[in-house]
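The residues making up each chain are set out below.
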Amino acid sequence: MLLYADSNETLAPDTAPAALEAMRDAGLSYVEEPLPVRLLSERAALRARSILPIIGDDSCFTPADLERELSFGTIDILNIKTARNGFTDSLSMLTRARQAGLGIMIGSQASTGLGTLHAALMASQAGVSEPSELSFVLKLQDDLLTDPIEFQDGWLDVAALSGLGVDEAKLQKQAALVARAAAKEQSQAAKAAARDAKAAAKESGHSGAITRVMGAHPGKPSKGGPLSFHAAGMEK
């Protein structure tokens with residue numbers, strides 16, 4: 001079994017070497033983004049120590065990002081995500097990473113079954129040298145595919161996925177749930193806006209300022225005045 005850590009840019013330059021040594025001694029195979037992406041020189045220095053192979057993920061959103069990382073020599077393995085990069089940039093980055101001699105893995109962005117299919121297709125391309133992150137779909141209670149994606153001892157038969165498709169009934173059900181959630185959110189936002197408007201009107205009415213109210217006697221300015229507030233989709 002291969003294990004690795006995703007540090008998500010949380011380590012500091014002065015403590016990262018010791019942390020990576022502890023990971024290595026614990027049997028981990030590599031580490032993803034140990035330092036903040038902005039610390040280019042520090043990341044290059046850490047990689048130069050060759051404690052553990054370093055995976056580039058958040059540092060490599062685009063082909064241009066990959067070129068920067070190659071210039072600074074910060075990573076050993078590139079994590080490509082089709083949900084983030086799309087197929088065109090993913091293929092471009094895969095080709096460039098191969099030319100540069102990097103290891104390559106395919107990741108997922110907390111993907112559903114459909115997103116996992118896309119990532120699996122990319123993971124089947126020549127040059128993908130590392131195990132890929134495709135198993136998030138197993139955490140889902142439900143999915144839109146006609147049949148579940150099945151793994152066997154950590155392996156995924158990509159050819160067997162060709163018969164899977166989107167279940168239209170499930171899709172319509174999810175669409176209805178999303179529409180209801182959006183309507184509820186809009187209603188709550190409208191209510192909040194109405195409350196804020198009334199609160200502002202109340203505060204203004206008790207501020208002590210003298211204002212002239214339409215219809216009041218020209219020589220007798222009134223304090224405050226009747227105000228009406230309306231929110232879209234809300235009754236007064």
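It should be emphasised that the depicted structure is a prediction, and the values quoted were computed from it without experimental measurement.

S.K.: Could you clarify how one ought to interpret the environment of E33 in this entry?
M.R.: Residue position: E33 is located in the loop between β2 (31-32) and α2 (40-48). Taking the C-alpha atoms as reference points, E33 and I54, separated by 21 residues in sequence, lie 6.8 Å from one another. Setting aside residues up to four positions removed in sequence, E33 forms contacts with S7, N8, E9, T10, R43, I55, G56, D57, D58 and S59. A polar atom in the side chain of E33 sits 2.7 Å from the backbone nitrogen of D57.

S.K.: Help me understand helix α1 (residues 16-25), please; the structure alone is not making it clear to me.
M.R.: Since there are 3.6 residues in each turn of an α-helix, residues three or four apart along the chain are aligned in direction. Every buried residue of α1 is accounted for by A16, P17, L20 and M23. For α1, the arc enclosing every buried residue in end-on projection is 120°, short of the 170-degree limit, so these residues lie on one face. Tucked inside the fold, the buried residues of α1 contact β1 (5-6), β2 and α2.

S.K.: It is not clear to me how the packing of aromatic side chains should be interpreted in this structure. Could you clarify?
M.R.: A ring pair, where both rings are aromatic, is described by two values, the distance of the centres and the angle of the planes. Tallied over the entire structure, the rule returns 1 aromatic pair. Residues Y4 and Y30 carry aromatic rings whose centres are separated by 5.2 Å and whose planes lie at 55° to one another, so their mutual orientation is tilted. One end of the pair, Y4, is in the segment before β1; the other, Y30, is in the loop between α1 and β2, and 26 residues separate them in sequence. On the accessibility criterion, Y4 (25% relative accessible area) is partly exposed.

S.K.: How should the environment of A110 be read in this particular structure?
M.R.: Residue placement: A110 occurs in the loop between β5 (103-107) and α5 (113-123). When the C-alpha positions of A110 and L134 are compared, they lie 9.0 Å apart, and in sequence the two are 24 residues distant.

S.K.: Which parts of the structure should I look at to understand helix α3 (residues 63-72)?
M.R.: Along α3, the positions that sit buried rather than exposed are D65, L66 and E69. What you see down the axis of α3 is that its buried residues fit within an arc of 100°, all on one side. Exposed and facing more than 90 degrees away from the buried side of α3 are A64 and S71. Those residues of α3 that are buried lie in contact with α2, β4 (77-81) and α4 (82-100). Residue G73 follows α3 closely and has a positive phi angle near 65°.

S.K.: What is the right way to look at the sheet that holds β4 in this model?
M.R.: In sheet architecture, strand pairing relies on hydrogen bonds along the backbone and comes in two forms, parallel and antiparallel. An order of β1-β2-β3-β4-β5 is seen for the 5 strands of this open sheet, with the pairing classed as parallel. Both outer strands of the open sheet, β1 and β5, are each paired with one neighbouring strand and no more. For β1 and β2, the ladder comprises 2 bridges, and the chain directions are parallel. Residue pairing in the sheet places D6 in a bridge with E32 of β2. Against the sheet, α4 makes contact with β4 and β5, and its axis sits at roughly 150° relative to β4, the strand it touches most.

The rules behind these values
Residues numbered from 1 in each chain as written. Predicted model: local features only at pLDDT ≥ 70, side-chain atom pairs only at ≥ 80, totals over all residues. Heavy atoms only, no water. Helix = DSSP H or I, 4+ residues; strand = E, 2+ residues; numbered from the N terminus. Contact = heavy atoms within 4.5 Å. Polar contact = N/O pair within 3.5 Å; in protein donor to acceptor, adjacent residues only side chain to side chain. Buried < 20%, exposed > 50% of the residue type's maximum accessible area, 1.4 Å probe, protein only. Arc of directions from axis to C-beta. Phe/Tyr/Trp six-rings, centres within 6.5 Å; stacked < 30°, edge-to-face > 60°. Pairing = 2+ DSSP bridges. Axes fitted to C-alpha atoms, helices over the stretch in contact; angles between N-to-C directions.

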